[in-house]
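Okay, here's what each chain looks like letter by letter:
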Amino acid sequence: HLCMEKLDFSNISAENDVIEQIKNFVSAGFISQEEFEALDISKFIKFSQSPLCRRMIENVSTLKKEVSFKILTDIFRLYGINSDDLVVVQGTIDAYFEDTDRKLVLVDYKTDKVTGGTAEPIASRYRIQLETYASALEKILGKKVKEKHI
């Protein structure tokens, strides 16, 4: 997660750029040598070749990472409890960017292991979190979130 946070998307043009950046995280003290050796670098390379990463690179001027927020939301939305009460929700959005149509794309990094060939169970588990983060962005920025990615 920390490596995704620290990646400089303005300096990714090839898979070697991702590898070099992550190697530099060791010398910069962001991660230890042991942590580096435990990383599955192939996952970072795969991500760097993904359409989502390409879009993050193309929209790097609007890319924001690790954005903390605090909002009021109704308790029913979060827990399905019949109540008019409000609750304070706070969180940190891993990343978002404004796409070419000026709408927002929300990105949430997860380290869960995908089993059975599909990420749907993981996506389902985090659906409320993503909806809450999207709602927070829309309230704070006054712009529509058109996509949510895990």
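Everything discussed here concerns the structure shown above.
Worth saying up front: this structure is predicted, and the values here are computed from it rather than measured.

Regarding helix 2 (residues 15-27)
For helix 2, every residue scored as buried is listed here: Val18, Ile19, Gln21, Ile22 and Phe25. Looking down the long axis of helix 2, one finds its buried residues gathered within 160° of arc, a one-sided arrangement. On its buried face, helix 2 is in contact with helix 1 (2-6), helix 3 (33-38) and helix 4 (41-48). Of the residues one or two after helix 2, Gly29 is the one with positive phi, at around 85°.

Concerning the sheet that holds strand 3 (residues 104-107)
Within the open sheet, the four strands sit side by side as 1-2-3-4. Their pairing is mixed. Looking along the sheet, the strands with just one partner apiece sit at the ends: strand 1 (64-74) and strand 4 (145-149). Strand after strand, the sheet turns through a mean of 40° between neighbouring axes, direction not considered. Where strand 3 lies against strand 4, four bridges are found, and the strand directions are parallel. By the bridge assignment, Leu106 is partnered in strand 4 with Lys148. Contacts from helix 8 (residues 127-141) reach strand 1, strand 2 (86-98), strand 3 and strand 4, with the element oriented near 95° to strand 1.

Conventions and cut-offs
Residues numbered from 1 in each chain as written. Predicted model: local features only at pLDDT ≥ 70, side-chain atom pairs only at ≥ 80, totals over all residues. Heavy atoms only, no water. Buried < 20%, exposed > 50% of the residue type's maximum accessible area, 1.4 Å probe, protein only. Helix = DSSP H or I, 4+ residues; strand = E, 2+ residues; numbered from the N terminus. Arc of directions from axis to C-beta. Contact = heavy atoms within 4.5 Å. Pairing = 2+ DSSP bridges. Axes fitted to C-alpha atoms, helices over the stretch in contact; angles between N-to-C directions.

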